[in-house]
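Structural characterization, general
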Amino acid sequence: MRPDGEKSGKISVMEAPPCPLEPCLSADALRGRRVAVVGYGNQGRAHALNLRDSGIDVRVAGRPGSDARGRAASDGFGTLDTRMAAGQSDLVILALPDEVHAEVWAHDVAPVIQAGQVAGFIHGSSIHFGLVRPGAGIGIVMVAPKGPGTTLRARFQQGQGIPALLAVQQERDAAGGDPSAHALACAWAAGIGCGRAGVVRTSFEAEAVTDLFGEQAVLCGGMMGLAQAAFETLVEAGYPPLLAYTECVHEIKQVADLLYARGPAGMRRAISNTAEFGTYRAAPLIADEHVRTTMRRLLDEIRSGEFTRRMQSDHDAGATWFRAAREAAAAHPMERAGAEVRALMPWLEAEGHA
Ligand SMILES: NC(=O)c1ccc[n+]([C@@H]2O[C@H](COP(=O)([O-])OP(=O)(O)OC[C@H]3O[C@@H](n4cnc5c(N)ncnc54)[C@H](OP(=O)(O)O)[C@@H]3O)[C@@H](O)[C@H]2O)c1
């Protein structure tokens, strides 16, 4: 609140309300129904395998003759074309890169999907930003596990789960007594093991915006920007690239593991007093008003849909900007230094990290 009692539109960090949890404990609502997972990549494989191990009848769909369908078939799945899956399934899960949702929906899903069926998403952008515009009566739901597919699968096999976000954009026209789209989404979350951890109810908008912002501001964009700038600062000052890489990139894992398992205060308790003293000195200097202004700009670009439009139009024009940026990043001297550091840890490959 502003001092004059008017709402400012901002919530203080201290006043923010907790998130509602959904008790998604059973996959029963999906039993005896037809489920198709379209795409068999990072997320798709884990969703398909976990659902099958939960007793759900799952088929895997994709492009005819694609590598993905070959991998799914060798994991014992029946495979089919995307259009057939979209026409025949009670729940069709789009485990596809976000930039192909619009074309796959337009060519293979929209012509055959009917009111009463449910389309499932793993990230909210394509629906929230209007790249996919489903017709009335089709259930539109999202289950977004908060981790990569390999972790989703590994935790499931250990009898555990990872948290997920769940949202319902549009309910389905269900015949009397049939489960709602919401109930099917809850069963999907349970079937992949996320109900064993926690399923947080949210909206497509909140998931899309916070997910894109987190990966740009911190996890991928912010972290890589800081790591690269720090690496270059040390090397320009005459320090060996191997040392610069070890201190500014390689050791991110140690700190990230502590944050993941113990939270910020637990991480600070585990690091040396010297590192903690340096944290209090450096953090406000680095995350200064200029950085906050940049973060607000990124958030504005994401919320307005500008980021999604920019990515989609680059994809539609052959992904020339994306490919050039990827090549430039791969040619950075950090890569050579990183290879030298990893060569000192031959056990990485044996443990399946390479
Ligand atoms: N990766 C993550 O950790 C993560 C985490 C949370 C949410 N998500 C969300 O999960 C969804 C899937 O992402 P992902 O990272 O799992 O994707 P991915 O690993 O890149 O998987 C892509 C799959 O889609 C297929 N594919 C690509 N283009 C296609 C097309 N035009 N038509 C049909 N199939 C096509 C690929 O098969 P072929 O190329 O062999 O045909 C492959 O099986 C996205 O919405 C993403 O935002 C991902």
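Residues numbered from 1 in each chain as written. Predicted model: local features only at pLDDT ≥ 70, side-chain atom pairs only at ≥ 80, totals over all residues. Heavy atoms only, no water.

1. Some thoughts on the layout of surface pockets
Stated precisely, the cut-off is as follows: Using a 1 Å grid laid over the protein atoms alone, points where a 1.4 Å probe fits but cannot get out form a cavity; open sets with protein on both sides within 12 Å along at least 5 of 7 lines form a pocket; any residue with an atom within 4 Å of a point counts as lining. Grid points are joined across faces, edges and corners, and a volume is the space filled by probe spheres set on the points. In DSSP terms, a helix is any run of H or I states spanning at least four residues, a strand is any run of E spanning at least two, and both are numbered starting from the N terminus.
Taken as a whole, the second largest pocket encloses approximately 1200 Å³ of empty space. Ile11, Ala16, Thr210, Leu299 and Arg303 are the residues nearest the centre of the second largest pocket, which is lined by 25 residues in total. Those elements that provide at least two residues to the lining of the second largest pocket are strand 9 (199–201), helix 8 (204–219) and helix 13 (289–303).

2. Observations concerning the domain arrangement of the protein
Keep this limit in mind: Residue ranges assigned to each domain were obtained from an automatic or database domain assignment. The contact rule is simple, with two residues in contact once any of their heavy atoms fall within 4.5 Å. Summed over both partners, the accessible area (1.4 Å probe) lost when two parts come together is defined as the buried area. For the purposes of these results, a polar contact is taken to be a pair of N or O atoms within 3.5 Å, where, inside protein, one atom must be able to donate a hydrogen and its partner to accept one; residues adjacent in sequence count only when each atom of the pair is a side-chain atom. Each residue is assigned to one class: nonpolar for Ala, Val, Leu, Ile, Met, Phe, Trp, Tyr, Cys and Pro, charged for Asp, Glu, Lys and Arg, and polar for all the others, Gly among them.
Domains assigned within the protein are domain 1 (22–202) and domain 2 (211–350). Here the C-alpha centre of domain 2 lies 31 Å away from the C-alpha centre of domain 1. Every contact between the two is made by nine residues of domain 1 and, on the other side, nine residues of domain 2. Surface buried jointly by domain 1 and domain 2 totals about 830 Å² across both partners, of which 59% is contributed by carbon and sulfur atoms. Scanning the region where domain 1 abuts domain 2 turns up five residue pairs in polar contact (both at pLDDT 80 or more). Each residue belonging to the side of domain 1 that touches domain 2 can be placed in one class, and the counts come to three nonpolar, two polar and four charged.

3. Looking at the sheet that holds strand 1 (residues 21–22)
We count it as follows: DSSP bridges decide pairing: two strands pair if at least two such bridges lie between them. Only the stretch in contact is used when a helix axis is fitted, and all axes are lines through C-alpha atoms; the angle between N-to-C directions ranges over 0 to 180 degrees.
Spatially, nine strands are ordered 1-9-8-7-6-5-2-3-4 in an open sheet, and the strand pairing comes out mixed. The open sheet is flanked by strand 1 and strand 4 (79–81), the only strands paired with a single partner. Relative to strand 8 (residues 164–170), strand 7 (residues 139–145) runs antiparallel, the two sharing six bridges. In the strand pairing of strand 8, Met142 is matched with Ala167. The sheet strands contacting helix 1 (residues 42–53) are strand 2 (35–38), strand 3 (58–62), strand 5 (91–94) and strand 7, and the helix crosses strand 3 at an angle near 160°. Most of the contacts of helix 8 go to strand 7, to which it runs at about 35°, and overall it touches strand 6 (118–121), strand 7 and strand 8.

4. Observations regarding helix 2 (residues 67–74)
Using the following cut-off: Relative accessibility thresholds used throughout: buried, under 20% of the residue-type maximum; exposed, over 50%; partly exposed, between the two (1.4 Å probe, protein chains only). Comment: arc refers to directions from the helix axis out to C-beta atoms.
Among all positions in helix 2, only Ala68, Arg69 and Ala72 are buried. The buried side chains of helix 2 occupy one side of the element, clustering within an arc of 95° when seen end-on. Residues Asp67 and Ser74 are exposed on helix 2 and point more than 90 degrees away from its buried face. Elements that come into contact with the buried residues of helix 2 comprise strand 3 and strand 4. In the segment just after helix 2, Gly76 is the residue with positive phi, at about 90°.

5. Quick notes on the pattern of salt bridges
Formally: Should a side-chain nitrogen of Lys or Arg be within 4 Å of a carboxyl oxygen of Asp or Glu, the pair is scored as a salt bridge.
As enumerated under the stated definition, the model contains 13 salt bridges in all. Notably, a salt bridge pairs Arg34 with Asp90, separated by 3.6 Å at the nearest N-O pair. Placement of Arg34 in the loop between strand 1 and strand 2 and of Asp90 in the loop between helix 3 (82–88) and strand 5 is noted, with a sequence separation of 56 residues between them. A relative accessible area of 41% means that Arg34 is categorised as partly exposed. Of the residues examined, Asp90 reaches a relative accessible area of 18% and is grouped as buried.

6. Digging into the site of the ligand
Quick reminder of the rule: Here a residue is near a molecule or strand as soon as one of its heavy atoms is found within 4 Å of it. All accessible areas in this document rest on Shrake-Rupley with a 1.4 Å probe, and a residue is counted as covered only by the protein chains that are shown.
Neighbouring the ligand are 21 residues, the closest being Tyr40, Asn42, Gln43, Arg63 and Asp98. With respect to the ligand, the backbone of Gly41 contributes an N or O atom lying 3.4 Å from an oxygen atom. In isolation the ligand has 890 Å² of accessible area, and contact with the protein removes 76% of it. Sorting the residues of the shell around the ligand by element identifies helix 1, helix 2 and helix 4 (101–109) as the ones contributing at least two each. Here the residues of the shell around the ligand sort into ten nonpolar, eight polar and three charged.

7. Here we look at the packing of aromatic side chains
What counts is decided by this rule: Centre distance within 6.5 Å is the pairing criterion for rings of Phe, Tyr and Trp, where only the six-membered ring of Trp is used; planes under 30 degrees apart are then read as stacked, over 60 as edge-to-face, and the remainder as tilted.
Going through the model one piece at a time under the given rule, you end up with three aromatic pairs. Taking 5.9 Å as the distance between ring centres and 70° as the angle between the ring planes, the aromatic pair formed by Tyr40 and Phe77 counts as edge-to-face. Here Tyr40 is found in the loop between strand 2 and helix 1, whereas its partner Phe77 is found in the loop between helix 2 and strand 4, with 37 residues between them in sequence. Each ring, one from Phe121 and one from Phe204, has its centre 6.3 Å from the other, and the planes form 70°; the classification is edge-to-face. One end of the pair, Phe121, is in strand 6; the other, Phe204, is in helix 8, and 83 residues separate them in sequence. On the basis of relative accessibility, which here comes to 0%, the residue Phe121 falls in the buried class.

8. Observations regarding the environment of Met295
Among the structural elements, Met295 can be located in helix 13. For the pair Met295 and Met223, spaced 72 residues apart in sequence, the C-alpha to C-alpha distance is 13 Å. Residue contacts for Met295: discarding those within four places in its chain leaves Phe213 and Ala217.

9. Brief notes about the confidence of the model for the protein
As a note on interpretation, predicted positions should not be read in detail where pLDDT is low. As a reminder, the rule being used: Residue-level confidence of the predictor is what pLDDT reports, using numbers from 0 through 100.
Averaged over all residues, the pLDDT of the protein is 94; the fraction at 70 or higher stands at 97%. Note that residues 1–7 has pLDDT below 50 and, in this model, three contacts with residues that lie over four places away or in other chains.

10. Section: the nonpolar core
Under the convention used in this document: As used in this record, nonpolar core signifies buried Ala, Val, Leu, Ile, Met, Phe, Trp, Tyr and Cys residues forming a set joined through side-chain atoms within 4.5 Å.
Grouped together as the largest cluster of nonpolar side chains are 37 residues, with contacts concentrated most on Leu30, Tyr40, Leu51, Phe77, Ile93, Val143 and Trp188. Of all the secondary-structure elements, those providing two or more residues to this core are strand 2, helix 1, strand 3, helix 2, strand 5, strand 7, strand 8 and helix 7 (181–191). Ranked by residues supplied to this core, first place goes to helix 7 with seven residues. Among all residues touching Leu30, those that are not within four sequence positions of it are Val35, Leu51, Ile56, Leu91, Leu184, Ala187 and Trp188. Of all hydrophobic cores here, the second largest spans 26 residues; its members include Ala86, Val92, Ala167 and Val200.

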